[in-house]
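# Overview (structure and organization)
Each chain, letter by letter, is given below.
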Amino acid sequence: MTRLLELLISIAIVAVLFVIVGVLLPSSRHLSESVETNRRLSIVFDTINSFRRFDDWHPLALGNVQLNRSGPDSGVGARIDYKSEVSNGSWEIVESDEDQRVVYAIQDEKRGSDKRSVFTLKPTGRNNRNVEITQTYDVKYGWDLLGRYAGLYVSRNIGDSVKLGLGRLSNMLASVPNIDYRAADVRLSGLEFVDVPAEHLLVVNAGAVERNNEKIKTSMKANAEWIKRTMDANGLVAAGPLRIVSTEFARDTYTFDVVQPVRRRAAGAPAPAAADVNGEGADAAAQQAEAEAAPAVAATEALTGLNLMGPVTYAHSEATRVATGDYVGYMAELDNVRNAVRAWTLTQGEEVIGRPYELYKNGIDQAFTADGEFEVRWVLKR
């Protein structure tokens, strides 16, 4: 009897101590970790303001886990649910201030409530060229004494995960071209993903041309003229603006192809007068009007029996999906713009392949002025 009484007293003492210590422990926990990157602020923000690349950097995606994205593509309401053999839960963006911070609400099976993880971005370094990324984690336990005891291990369990995630995020960002595609002085707009149908293409490989505007322009026009002759000889009309496909924009040379999408002339339609495949003048407008008036015909099969003139070759391209953006400015600036489109594409969780190309929307001559209008495209990896 005495031993039983002693046991009960011991248990009571332990229980009282458990309660006293639990009451004295914090009812909430907060931790903070930071990392610095030299990527542009727009790149960092767009990456963390969506879940498109979440599985490329967040530790939750390591191992055998199922991820399900829902809601908008980015910003408030974007959500990801995860399920693994270890735990289930979700992250949802509940606040988003452009280029400043993103707040995630977290639901999981661990003790605690009102869980939040906040990413704060601060320009730092010389001339504010770098970005300090600070991630905080907060959880409330209230009067859940077991939760307060669990809070003793937050810095180890959650803190180590935060450090790992920030390190992986920094490494991932380093693979993105460091170009601010949203900068005020970059006349790039309309960034989006679009589907491009199969096409008939007349192509001239211009080779490596000296980096001289007049020589590049002369080459483009001469090769466009060969394409025009081929079109006239085969009853073809332009199916869109002339395009330039870049192979290499080197220090001394520019290697590119001149490409014109074409289609058969509509039955009964008169031949266009002096069709200008350079995309200039009234003739170009007439071509465009004819293309819009004619019924759309999918280029599902290659054209045969073509009489190809000079260096012109024919190619049949399959349907693709591309990243695209509109740009106004000099042709010589396009190499930077191409990389800007690629940088944006990577923040959206996509990857580009092959060679980029531009649609010369207002012609070759205008392309060498500040008023050049281009649609920059880069094919996406399937």
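The structure under discussion appears in the preceding block.
Residues numbered from 1 in each chain as written. Predicted model: local features only at pLDDT ≥ 70, side-chain atom pairs only at ≥ 80, totals over all residues. Heavy atoms only, no water.

### With respect to the overall build of the protein
This is how it is decided: Strands here are runs of E lasting at least two residues and helices are runs of H or I lasting at least four, both read from the DSSP assignment and numbered beginning at the N terminus. Note on classification: 1.4 Å probe, protein chains only; a residue is buried when its accessible area is under 20% of the maximum for its type, exposed when over 50%, partly exposed between these limits. We call two residues in contact when some of their heavy atoms are within 4.5 Å.
A count of helices and strands for the protein gives nine helices and 16 strands. For the protein, buried positions account for 42% of its 382 residues. Expressed as a percentage of contacts within the protein between residues at least 6 apart in sequence, the contacts between residues at least 24 apart total 68%.

### Quick word on the side chain of Thr255
The residue Thr255 is located in strand E12 (residues 253–264) in this model. Those residues in contact with Thr255 that sit more than four places away from it in its chain are Gly207, Ala208, Val245, Ser246, Thr247 and Glu248.

### So, the environment of Met172
As for its position among the elements, Met172 is in helix H5 (residues 154–173). As for Met172 and Trp57, which are separated by 115 residues in sequence, their C-alpha atoms are 6.9 Å apart. Look past the residues within four positions of Met172 in its chain and what remains in contact with it is Thr47, Arg53, Asp56 and Trp57.

### Observations concerning the environment of Asp81
In plain terms, the rule: Here a polar contact is taken to be a pair of N or O atoms separated by no more than 3.5 Å, where protein atoms must pair a possible hydrogen donor with a possible acceptor and residues adjacent in sequence count only if both atoms sit in side chains.
With respect to the helices and strands, the residue Asp81 is situated in strand E3 (residues 79–84). Between the C-alpha atoms of Asp81 and Ile106, which are 25 residues apart in sequence, the distance is 9.9 Å. Sequence-distant contacts of Asp81, that is, excluding residues within four places in its chain, are made with Gln66, Leu67, Asn68, Ser70, Gly89 and Ser90. Within polar-contact distance, the side chain of Asp81 engages the side chain of Arg79 at 2.9 Å.

### Some points on helix H6 (residues 213–234)
Cut-off, in case you're wondering: Any helix carries an expected span of 1.5 Å times its number of residues minus one.
For H6, built from 22 residues, the straight-helix expectation of 32 Å at 1.5 Å per residue is met to within 8% by its first-to-last C-alpha distance of 32 Å. For H6, the set of buried residues is Ile216, Lys217, Ser219, Met220, Asn223, Ala224, Ile227, Lys228, Thr230, Met231 and Asn234. Buried residues belonging to H6 abut strand E9 (199–210), strand E10 (236–238), strand E11 (243–249), E12, strand E15 (357–360) and helix H9 (364–367). Capping the start of H6, Asn212 holds a side-chain oxygen 3.0 Å from the backbone nitrogen of Glu214, two or three residues further along. Once H6 ends, the next one or two residues include Gly235, with phi positive near 65 degrees.

### Re the pairing of E3
Applied cut-off: For two strands to pair, DSSP has to find at least two bridges joining them.
The pairing of strand E2 (residues 65–70) with E3 spans six bridges and is classified as antiparallel. Considered in E3, the bridge of Arg69 is made with Ile80. Where E3 folds back onto strand E4 (residues 88–97) in an antiparallel hairpin, the turn is made up of three residues.

### Observations regarding the packing of aromatic side chains
Selection rule: Pairing of aromatic rings covers Phe, Tyr and Trp, the last counted by its six-membered ring, and requires centre-to-centre distances within 6.5 Å; plane angles under 30 degrees mean stacked, over 60 mean edge-to-face, and any other angle means tilted. Counting as a charge over the ring demands two things of the Lys NZ or Arg CZ atom: a distance within 6 Å of the ring centre and an angle within 35 degrees of the ring normal.
The final tally for this structure, using the stated rule, is 11 aromatic pairs. Measuring from ring centre to ring centre gives 4.8 Å for Phe193 and Trp344, while their planes differ by 40 degrees; the resulting arrangement is tilted. A residue pair is termed long-range when its members are at least 10 positions apart, and Phe193 in strand E8 (residues 188–196) and Trp344 in helix H8 (residues 334–347) qualify at 151 residues. The rings of Phe51, Phe54, Trp57, Trp91, Tyr104 and Phe119 are connected pair by pair, giving a single aromatic cluster. A cation over a ring is seen here: Arg229 above Trp226, with NZ or CZ 4.9 Å from the ring centre.

### Topic: the pattern of salt bridges
Using the following cut-off: Salt bridges are identified by distance alone: a Lys or Arg side-chain nitrogen within 4 Å of an Asp or Glu carboxyl oxygen.
In total, this model carries 26 salt bridges according to the counting rule given. Among the ionic pairs, Asp232 bridges to Lys228, the shortest N-O distance being 3.3 Å. Here Lys228 and Asp232 lie together in helix H6, a separation of four residues that amounts to about one turn. Taking relative accessible area as the criterion, Asp232 reaches 41% and is therefore assigned partly exposed. Through salt bridges with shared partners, one network takes in Asp46, Glu98, Asp99 and Arg182.

### As for the environment of Glu85
Mapped onto the secondary structure, Glu85 falls in the loop between E3 and E4. Judged by its relative accessible area of 75%, Glu85 falls in the exposed class. Sequence separation between Glu85 and Val65 is 20 residues; the distance between their C-alpha atoms is 7.6 Å.

### A short note on the sheet that holds strand E7 (residues 130–140)
To keep it simple, the criterion reads: Note on method: axes are straight lines fitted to C-alpha atoms, helices fitted across the in-contact stretch only, with angles between N-to-C directions ranging 0 to 180 degrees.
Pairing is antiparallel in the open sheet, where seven strands are placed in the order E1-E7-E6-E5-E4-E3-E2. Looking along the sheet, the strands with just one partner apiece sit at the ends: strand E1 (28–37) and E2. On average, adjacent strands in this sheet sit at an angle of 20 degrees to one another, irrespective of strand direction. With five bridges connecting them, E3 and E4 associate as antiparallel partners. Within the sheet, the bridge partner assigned to Ile80 lies in E4 and is Trp91. Of the strands in this sheet, E1, E4, strand E5 (101–108), strand E6 (113–124) and E7 are in contact with helix H2 (residues 41–48), which crosses E6 at around 165 degrees.

### Description of the side chain of Arg243
With respect to the element layout, Arg243 can be found in strand E11. The residues touching Arg243, leaving out its near neighbours within four places in the chain, are Glu199, Leu201, Asp257, Val258, Val259, Pro261, Tyr357, Glu358, Leu359 and Arg377.

### Overview of the nonpolar core
What counts is decided by this rule: Definition used in this section: a nonpolar core is a set of buried Ala, Val, Leu, Ile, Met, Phe, Trp, Tyr and Cys residues joined via side-chain atoms within 4.5 Å.
Counting 74 residues, the largest nonpolar core has Trp91, Phe119, Ile133, Met220, Phe256 and Met331 as its most contacted members. Broken down by element, the residue count for this core peaks at seven residues, all from H8. Beyond its immediate sequence surroundings of up to four residues, Phe119 is in contact with Ile48, Trp57, Trp91, Gln100, Arg101, Val102, Tyr104, Ile133, Thr134, Gln135, Leu166 and Leu169. Membership of the second largest hydrophobic core comes to nine residues, among which are Val194, Val203, Val259 and Leu359.

### Thoughts on H8
Here H8 contains 14 residues, and its C-alpha end-to-end distance of 20 Å stays within 8% of the 20 Å for a straight helix at 1.5 Å per residue. With 10 of its 14 residues buried, H8 lies for the most part within the structure. Of the positions making up H8, those classed as buried are Leu334, Val337, Arg338, Ala340, Val341, Ala343, Trp344, Thr345, Leu346 and Thr347. Just downstream of H8, Gly349 is the residue with a positive phi angle, here 85 degrees.

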